[in-house]
Amino acid sequence: MTKNISTVSALPTHYTLPSGDKIPSVALGVWRAEKGQVGDAVKTALKVGYRHIDGAWIYGNEEEVGQAIKESSVPRKDIWITSKLWNSFHTPEDVEPILDESLKKLGTDYVDLYLIHWFVIIAQLTNNQVDHDLTENPYPTWQKLEELVEKGKIRNIGISNFNIRRVHNLTANPLKIKPAINQVELSYWNPQPELVKWSKDNGILLEAYSPLGSQDRVKESLSIPEVKSISSELGITPAQVYISWHVQRGTVVLPKSVTPSRVEENFKITPLPRHLFDKLEKAAASHKPHRSVDPSKNWGVDIFE
């Protein structure tokens, strides 16, 4: 995996995946972006320079995202679009129809990246009952995704919310295509340094969702003394400190906002001098990690065991 370094920011603007495709390092995340707002956020993002939109079928806003992309002046080929396979559709025969639904809503004939959203499989037509056999064996689902890459409907495939054990559980199979991406929660509150290092060592690019912490902790995140100190020293905002830190850690970062000024603010990244980068790494590792997203109780599966 190689990085393309911008001479302006000195942080990677893109990462090159095993397929040769270049994925932008900063994306607009559209999780929890409500209908009636998400379209304007996408238009603002594309106008200020974003070329990466991270979505999912379960977010329920793909049609508005697709319409905003269509109405922008940016050619489809210049925009990286990610979608995700929801838990109810992992049975191989269900994968292509739900992908086709996403493609139709997004107004495109392919996605640049398609992720298994969670490894947990919920049987259809049940009250959130987990299919434990398929949950423990993601290989049949993965084989279908490989087939859809061959068909041209997907350019790159990956996973989301997989810990190291779960990655091994998948990659122990004779894969034609290895996961290019693992999208996970990464923040000051949950920095996961072991996963960051392991993923680099094993050639899997991480994407950081909730990079500023969960919605109810963003204000607290932006008030961390070390972050405020770095912000003041570099003349950037606390949010820009975090987003820059994530990219400097070697991950794609997925900040989410529907506020135009914040969408623009979040796109501007700045290299942190080594001593300031280390200062933030140390601060993030100094407390007990806390996940903001953990549906284990609801699904009756220990997701991060």
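Note that the structure is predicted; figures quoted are calculated from it, not measured. (Residues numbered from 1 in each chain as written. Predicted model: local features only at pLDDT ≥ 70, side-chain atom pairs only at ≥ 80, totals over all residues. Heavy atoms only, no water.)

## Description of the sheet that holds strand S6 (residues 80-85)
The line we're drawing: What makes two strands pair is DSSP finding at least two bridges between them. For the purposes of this entry, the term helix denotes a DSSP run of H or I that reaches at least four residues, the term strand denotes a run of E that reaches at least two, and both are numbered from the N terminus. Should any heavy atoms of two residues lie within 4.5 Å, those residues are counted as being in contact. Axis lines are fitted through C-alpha atoms, for helices just across the contact stretch, and the angle between N-to-C directions can take any value from 0 to 180 degrees.
One open sheet holds the eight strands; their spatial order is S4-S5-S6-S7-S8-S9-S10-S11, and the pairing between them is parallel. Across the chains shown, the open sheet's two edge strands, defined by having one partner strand only, are strand S4 (28-29) and strand S11 (252-253). Direction of pairing for strand S5 (residues 52-54) relative to S6: parallel, over a ladder of three bridges. Residue pairing for S6: Asp 54 is matched across the bridge by Thr 82. Here helix H5 (residues 139-151) sits on the sheet and contacts S6, strand S7 (113-116) and strand S8 (157-160); the angle it forms with S8, its principal contact strand, is near 145°.

## Digging into helix H10 (residues 238-248)
For clarity, the cut-off: Each residue gets one of three labels from its accessible area relative to the maximum for its type: buried under 20%, exposed over 50%, partly exposed in between, using a 1.4 Å probe on protein chains only.
Burial runs high along H10: 10 of the 11 residues are buried. All of the buried residues along H10 are Ala 239, Gln 240, Val 241, Tyr 242, Ile 243, Ser 244, Trp 245, His 246, Val 247 and Gln 248. Phi turns positive, to about 95°, at Gly 250, one or two residues after H10.

## A closer look at the packing of helix H9 (residues 225-234) against helix H12 (residues 274-284)
Two quantities define a packed helix pair, namely the angle between the helix axes and the distance between the axes. Let me state the cut-off plainly: Oblique is the label for every angle not falling under 35 degrees (roughly parallel), over 145 degrees (roughly antiparallel), or within 65 to 115 degrees (roughly perpendicular). By convention the crossing between two helices is left-handed if the near helix lies anticlockwise of the far one by an angle smaller than a right angle, and right-handed if it lies clockwise.
Following both chains from N to C, one finds H9 and H12 inclined at 165°, their axes separated by 10 Å at the closest point. By the angle class used here, H9 and H12 are roughly antiparallel. Relative to H12, H9 is oriented so that their crossing is left-handed. Contact residues: Glu 226, Val 227, Ser 229, Ile 230, Glu 233 and Leu 234 in H9; His 275, Leu 276, Lys 279, Leu 280 and Ala 283 in H12.

## Observations concerning the packing of aromatic side chains
As a reminder of what qualifies: For this analysis, a ring pair means two rings from Phe, Tyr or Trp (six-membered ring only for Trp) whose centres lie within 6.5 Å, classed as stacked if their planes differ by under 30 degrees, edge-to-face if by over 60, and tilted for the remaining angles. Either the NZ atom of lysine or the CZ atom of arginine qualifies as a charge over a ring when it sits within 6 Å of the ring centre and within 35 degrees of the ring normal.
The tally for this structure, following the rule as stated, stands at seven aromatic pairs. Taking the centre distance of 6.3 Å and the plane angle of 80° together, the rings of Trp 31 and Tyr 209 count as edge-to-face. Taken together, the positions of Trp 31 in the loop between S4 and helix H1 (38-48) and Tyr 209 in strand S10 (residues 205-209) put the pair 178 residues apart, joining distant regions of the chain. The class for Tyr 209 is buried, based on a relative accessible area of 9%. Ring centres of Trp 57 and Phe 89 lie 5.0 Å apart, and the angle between their planes is 80°; this geometry places the pair in the edge-to-face category. One end of the pair, Trp 57, is in the loop between S5 and helix H2 (62-71); the other, Phe 89, is in the loop between S6 and helix H3 (92-106), with 32 residues separating them in the sequence. Looking at Trp 57, the relative accessible area reads 22%, which means it is partly exposed. Stacked on the ring of Tyr 110, the Lys or Arg Arg 76 has its end atom at 4.1 Å from the ring centre.

## Some details on the confidence of the model for the protein
Note the threshold: On a range of 0 to 100, pLDDT expresses the predictor's confidence in each residue.
Confidence in the prediction of the protein, expressed as mean pLDDT, is 92, and 94% of residues score 70 or more. With pLDDT under 50 throughout, residues 2-8 is counted as low confidence; its partners more than four residues away or in other chains account for 17 contacts.

## Here we look at helix H6 (residues 164-171)
Stated formally: The directions considered for the arc are those from the helix axis to the C-beta atoms.
Buried within H6 we find Arg 166, Val 167 and Leu 170. Here the buried residues of H6 occupy an arc of 105° about the axis, which is enough to place them on one side. Elements in contact with the buried residues of H6: helix H4 (132-136), H5, S8, strand S9 (181-185) and helix H7 (193-201).

## Overview of the environment of Val 95
Positionally, Val 95 belongs in helix H3. Exposure remark for Val 95: the relative accessible area of 0% places this residue in the buried category. As a C-alpha pair, Val 95 and Gln 248 span 153 residues in sequence and 35 Å in three-dimensional space. Beyond its immediate stretch of four places on either side in the chain, Val 95 contacts Leu 85, Phe 89, His 90, Thr 141, Lys 144, Leu 145 and Leu 148.

## Looking at the pairing of strand S2 (residues 12-16)
Side-chain positions along a regular strand alternate between the two faces of the sheet. The sheet contact formed by S2 and strand S3 (residues 22-24) spans three bridges and is antiparallel. Directly across from Thr 16, in S3, lies its bridge partner Lys 22. Between the antiparallel neighbours S2 and S3 lie five residues, among them Gly 20 with a positive phi of about 95°.

## Structural notes on the packing of H2 against H3
Basically, it comes down to this: Side-chain classes follow a simple rule in which Ala, Val, Leu, Ile, Met, Phe, Trp, Tyr, Cys and Pro form the nonpolar group, Asp, Glu, Lys and Arg form the charged group, and the remainder, Gly included, forms the polar group.
Viewed as axis vectors pointing N to C, H2 and H3 meet at an angle of 40°, and their least axial separation amounts to 7 Å. When the axis of H2 is compared with that of H3, the two are oblique. Of the residues in H3, those touching H2 at Glu 62, Glu 63, Val 65 and Gly 66 are Ser 102, Lys 105 and Leu 106. For the contact of H2 with H3, the per-class residue count stands at two nonpolar, two polar and three charged.

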